[in-house]
Amino acid sequence: MLRQLTAILLLLCSACTTLSPSINGDNLQVDNTASTDSSTYYIIQPYKEKMDAYMKEVIGQLDVDMQRLKTEPETLLGNFASDLSLLYVNMSLDSLENDTHADMAILNFGGLRTSWAKGPISREMVFELMPFENNLVVVEMDSIDMIKMANYLAKAGGQPVSNMTLEIKDSTPNRIYVNNQALSNRTYRVVTSDYLANGGDNMDFFIGKDQTPFIKLRDAIMWYVEYKHDIHAQLEKRIYYAE
């Protein structure tokens, strides 16, 4: 978080100050004994205060604890993240203008880096949840690719999905539904992150597929929380073990 804040502050400062070409640079020793009345401090401090206020601002409310720890094939945090990803893509201008809605979304538990407790949601919490610069993308998959995905999910014991239902039996997919319909021989549009679309987390069924890019996943989370404000999540047996 400190690294991200420092980068943002430097960007803001560079946009607001012009360096004279006659100034020569020298190496400076920086330590904790630097004087608090230095010119650098007074240059940076206003931007830091604005950034702190921005990051601490409450943008939504969460009605239940959402834990990062995966104890079952499905989690509240995973449902939240995958649902908003699918919603963002399908509400985008490109999808609406071209009538090219996505069918489902898949993310990974490892990409969600912290838990959220019931109560207020700040922008800082969004950065902590998704510190990576991953973009949402849409990938087209045929039925064979989808079966490969289902096999991966069954062996992995689940990953965050939206608009998909998968029953696991003996580490293999037993029933596969997308949008409440059994998997069929057609092309599916799948929302994921560019990291996963490039084969991250062993999702090699995506490799070689064309990607339609959208915004950063972090920005989609920010949009969703501000758009909904009151955030709800629930378990729905999206991925489950056969009894």
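Definitions and limits used
- Residues numbered from 1 in each chain as written.
- Predicted model: local features only at pLDDT ≥ 70, side-chain atom pairs only at ≥ 80, totals over all residues.
- Heavy atoms only, no water.
- Pairing = 2+ DSSP bridges.
- Helix = DSSP H or I, 4+ residues; strand = E, 2+ residues; numbered from the N terminus.
- Salt bridge = Lys/Arg side-chain N within 4 Å of Asp/Glu carboxyl O.
- Buried < 20%, exposed > 50% of the residue type's maximum accessible area, 1.4 Å probe, protein only.

Caption draft 1: Spatial organisation of the sheet that holds strand 11 (residues 230-231). Read from one edge of the open sheet, three strands run 3-1-11, paired in mixed fashion. Two strands bound the open sheet, and with one partner strand each, they are strand 3 (119-122) and strand 11. Where strand 1 (residues 58-62) and strand 3 come together, four bridges link them in antiparallel fashion. Paired with Gln 61 across the two strands is Pro 120, which belongs to strand 3.

Caption draft 2: Expanded view of the pattern of salt bridges. Scanning the model with the defined rule gives 12 salt bridges in all. Between Lys 216 and Glu 133 there is a salt bridge, with its nearest N and O atoms 3.4 Å apart. Residue Lys 216 is found in strand 10 (residues 211-216), and its partner Glu 133 is found in the loop between helix 5 (123-129) and strand 4 (135-141); the two are separated by 83 residues along the sequence. On the basis of relative accessibility, which here comes to 46%, the residue Glu 133 falls in the partly exposed class.

Caption draft 3: Up close: unusual backbone geometry. Phi at Asn 180 takes a positive value of approximately 65 degrees, unusual for a residue other than glycine. The phi angle at Asn 202 is positive, at roughly 65 degrees, despite the residue not being glycine. Structurally, Asn 202 can be placed in the loop between helix 7 (194-197) and strand 10.

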